[in-house]
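# Coordinate analysis (summary)
One letter stands for each residue in the lines below.
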Amino acid sequence: MRKQDKRSAEIYSISKALFAPTRLEITLNNFVNTLSLVLRMRRGGLEIPASEGEKKITAATRNSGSPSAAHYTVPKAAIDRIMTAGRLVVPDVCNSELFKDQIKWHGIGPTAFIAAAVEVDHETGGMLWFERAKESGYDYEEDVHFLSMAADLAGRAIRLHRTISGRGRTFAEEQEEQQNSRDEQSQSSARQRLLKNDGIIGESTALMAAVDTAKVMAETNSIVLLRGETGTGKECFAKLIHQHSTRQKKPFIKFNCPALSESLLESELFGHEKGAFTGAIAQRVGRFESANGGTLLLDEIGEIPPAFQAKLLRVIQEGEFERVGGTKTLKVDVRLIFATNKDLEMAVQNGEFREDLYYRISGVPLILPPLRHRDGDIPLLARAFLQRFNEENGRDLHFAPSALDHLSKCKFPGNVRELENCVRRTATLARSKTITSTDFACQTDQCFSSRLWKGVHCSHGHIEIDAPAGTTPLLGAPANDVPPKEPGSAGVASNLIERDRLISALEEAGWNQAKAARILKKTPRQVGYALRRHGVDVRKL
């Protein structure tokens, strides 16, 4: 090892000992012993006299083979020289006038002594000293220079310990808290960078749990069913799964399945041959072929007509189909992701959705949390939407703290989509660069989206959602946090989340209703009513 590298390693070793998360007395004793090994010294010690409000500090080596330094006292004449010059080198204490009255230094053979002053709180009052066997012609200058640097580090460490102790804490506690804070900030920044890159913004517990689950799903080719209210980001999660899968370099194709006729859906998904029907002037490749080797997202799967569901089931099971008007069977390798905000269980019961198709696509579900359950994510999303608006329109708008606080109180039944529309609408009409809470439409009863929901009203400047009479509030959520149970995506989404939470609690409780009630913070009677209302069959274990 080069001399420079060796010296760097030695400095690192004594610094590590000096700033370890231990009590000061342990730290200094470890420091002195480490330094004696680095400098190949026989024994030594550290002495800091008592000052106002502080105790005397001493530390000594515990070298085997020689008497402990704790049993020796450095002569006053030597101490005075160290305090005056800041350092001291005595090649042989046996022949030194400074040590002539200190007979305890004799009897161990020719001995060299080196020392350096220690400065604490901008005052020189202590010293760090060592002794070693005298060597003829040895240059002690390098050792005393290194000792001076070590003494400076020791003084800084003592000052740091005293400062932290003045706050009623220990150095170990302070280091642990700072490390936890750094780790938390690092993880938060990493999460936000990762989520923003995937098109998902936020760091709430509910969102992170969904993201972690999505990444686990990405490791396989299993069919995924994304469930949740409208505007919760199902397409973004589908992209996240694709981007973290082995198919990430292959196509990601998305298709919205509105209430199209069977023939139109078949043409869009499977393609058609030239002349297959009026207007088919050329062959067309469908979405399944376009996504071959990659991922296909079929959104609003609950809206496809029953007649087409059988054909879709065949493609899911066999991975093959024919184009409209064609006779050749085509085979594709596609990872399928389905998304819906519809209560598929209710649709199956009503005969609107095939039961066999339901079981085929719902094997690996992922329930996306609504915005009202994502604590702390609204400010992050709002800033991101405003930044996007500024970039698109050459503006320089920003939110006042009161505006972000106001947004955080809103329920946003339309979730992220509604929040983005709210930000864009407010930014478009803003009369100054700073958006305040008074700029939002709900402050003047102009929040028209609330009219889509029964039981929604503006109160204290923000939207509140009340459960209508005769319905049970969402399990585990406040009563005013539930959209009304009405036909359509909004009420159905609430039923979906409530049913899934109920089943999840029952599974956690081993299908014991009393335990599930405690998990949900409900009474057993309320849980029993919810079981009957959602048609959940209780398993007997």
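## Some details on the overall build of the chain
Across its full length, the chain carries 18 helices and 18 strands. Per-residue burial over the chain gives 46% buried out of 541 residues. Within the chain, residue pairs in contact and separated by at least 24 positions form 66% of the contacts whose partners lie at least 6 positions apart.

## Section: the environment of Leu207
Structurally, Leu207 is set in helix α6 (residues 205-218). By relative accessible area, which is 0% here, Leu207 ends up buried. Remark: the alpha-carbon pair of Leu207 and Pro370, spanning 163 residues in sequence, is separated by 9.2 Å.

## Topic: the pattern of salt bridges
Overall, the coordinates contain 25 salt bridges when judged by the stated rule. In this structure, Arg314 and Glu320 form a salt bridge, with 3.6 Å as the shortest nitrogen-oxygen distance. Arg314 gets classed as partly exposed once you look at its relative accessible area, which sits at 32%. Its relative accessible area of 23% is what places Glu320 among the partly exposed residues.

## Digging into the sheet that holds strand β7 (residues 252-256)
Taken in spatial order, the five strands line up as β7-β10-β13-β6-β14 in an open sheet, and their pairing is parallel. The outermost strands of the open sheet, each flanked by one partner alone, are β7 and β14 (365-367). For this sheet, the mean inter-axis angle between neighbouring strands, taken without regard to orientation, is 20 degrees. Examined bridge by bridge, strand β6 (residues 224-227) and β14 share three bridges and lie parallel to one another. The residue bridging Leu225 from the neighbouring strand is Pro365, located in β14.

## Notes on the packing of aromatic side chains
Counting across every chain of the model gives seven aromatic pairs. When the centroid spacing of 5.7 Å and the interplanar angle of 50 degrees are considered together, the rings of Phe270 and Phe288 count as tilted. You can see Phe270 sitting in helix α8 (residues 262-270) and its partner Phe288 sitting in helix α9 (residues 287-290), a full 18 residues away along the chain. When sorted by exposure, Phe270 lands in the same class as Phe288, which is buried. Each ring, one from Tyr358 and one from Tyr359, has its centre 5.2 Å from the other, and the planes form 65 degrees; the classification is edge-to-face. Residue classification places Tyr358 among the buried positions, given a relative accessible area of 14%. One aromatic cluster is present, formed by Phe270, Phe288, Phe308 and Phe321 through successive ring pairs.

## What about helix α13 (residues 377-393)?
Since there are 3.6 residues in each turn of an α-helix, residues three or four apart along the chain are aligned in direction. Between its terminal C-alpha atoms α13 stretches 24 Å, which fits the 24 Å expected from 17 residues at 1.5 Å a residue. Within α13 the residues assigned to the buried category are Asp377, Ile378, Pro379, Leu380, Leu381, Ala382, Ala384, Phe385, Leu386, Phe389 and Asn390. At the exit of α13 stands Gly394, carrying a positive phi of roughly 65 degrees.

## Examining the packing of helix α17 (residues 513-520) against helix α18 (residues 524-534)
Two elements in contact, α17 and α18, have axes separated by 8 Å at closest approach and are oriented at 100 degrees. By the angle class used here, α17 and α18 are roughly perpendicular. Taken together, the residues of α18 that come into contact with α17 (itself represented by Gln513, Ala517 and Leu520) are Pro524, Val527, Gly528 and Leu531. A breakdown of the residues in the contact of α17 with α18 according to their chemical character gives five nonpolar, two polar and no charged.

## With respect to unusual backbone geometry
A positive phi angle, near 50 degrees, is found at Phe412, a position not held by glycine. For Phe412, the location among the structural elements is in the loop between α14 (401-409) and α15 (415-429). Of note in this structure, Asn415 is not a glycine but carries a positive phi near 60 degrees. Residue placement: Asn415 occurs in helix α15.

## Let's talk about the confidence of the model for the chain
With 79% of its residues at a pLDDT of 70 or more, the chain has an overall mean of 79. Across residues 454-493 the pLDDT falls below 50, and counting only partners more than four positions away or on other chains, this stretch makes 94 contacts in the model.

## Points about the environment of Ser13
Checked against the element boundaries, Ser13 lands in helix α1 (residues 3-18). In this structure the C-alpha to C-alpha distance between Ser13 and Phe31, which are 18 residues apart in sequence, comes to 9.0 Å. Dropping the residues within four chain positions of it, Ser13 is found in contact with Thr34 and Val38.

## Section: the pairing of strand β13 (residues 335-340)
Taking burial as the measure, the six residues of β13 include six buried ones, the bulk of the element. Alternating residues of β13 divide into Arg335, Ile337 and Ala339 and Leu336, Phe338 and Thr340, and every residue in both groups is buried. As judged from the four bridges shared by β6 and β13, these two strands associate in the parallel manner. For Leu225, the partnering residue across the bridge sits in β13 and is Phe338.

## Focus on α15
Taking 1.5 Å per residue, 15 residues should reach 21 Å; α15 reaches 22 Å between its end C-alpha atoms and fits that length. Looking at α15, one finds that the buried residues are Asn415, Val416, Glu418, Leu419, Cys422, Val423, Thr426 and Ala427. The arc enclosing the buried residues of α15, seen along the axis, measures out at 165 degrees, which places them on a common side.

## Considering the nonpolar core
Ranked by internal contacts, the top residues of the largest apolar core, which has 32 residues, are Phe288, Leu298, Leu312, Phe338 and Ile361. Elements that contribute at least two residues to this core include exactly β7, α8, β10 (295-299), α10 (306-318), β13, α11 (344-349) and α12 (355-361). Here this core gets five residues from one element, more than from any other, and that element is α10. In this view, Ile361 contacts Ile223, Val224, Leu225, Ile301, Ile316, Phe338, Leu344 and Phe353; residues no more than four positions away in its chain are not counted. Counting 29 residues, the second largest nonpolar core, distinct from the first, contains Leu128, Phe146, Leu147 and Ala154.

So, how was this worked out
- Residues numbered from 1 in each chain as written.
- Predicted model: local features only at pLDDT ≥ 70, side-chain atom pairs only at ≥ 80, totals over all residues.
- Heavy atoms only, no water.
- Helix = DSSP H or I, 4+ residues; strand = E, 2+ residues; numbered from the N terminus.
- Buried < 20%, exposed > 50% of the residue type's maximum accessible area, 1.4 Å probe, protein only.
- Contact = heavy atoms within 4.5 Å.
- Salt bridge = Lys/Arg side-chain N within 4 Å of Asp/Glu carboxyl O.
- Pairing = 2+ DSSP bridges.
- Axes fitted to C-alpha atoms, helices over the stretch in contact; angles between N-to-C directions.
- Phe/Tyr/Trp six-rings, centres within 6.5 Å; stacked < 30°, edge-to-face > 60°.
- Expected span 1.5 Å × (residues − 1).
- Parallel < 35°, antiparallel > 145°, perpendicular 65-115°, else oblique.
- Nonpolar A, V, L, I, M, F, W, Y, C, P; charged D, E, K, R; others polar.
- pLDDT = per-residue confidence, 0-100.
- Arc of directions from axis to C-beta.
- Core = buried A, V, L, I, M, F, W, Y, C linked by side-chain atoms within 4.5 Å.

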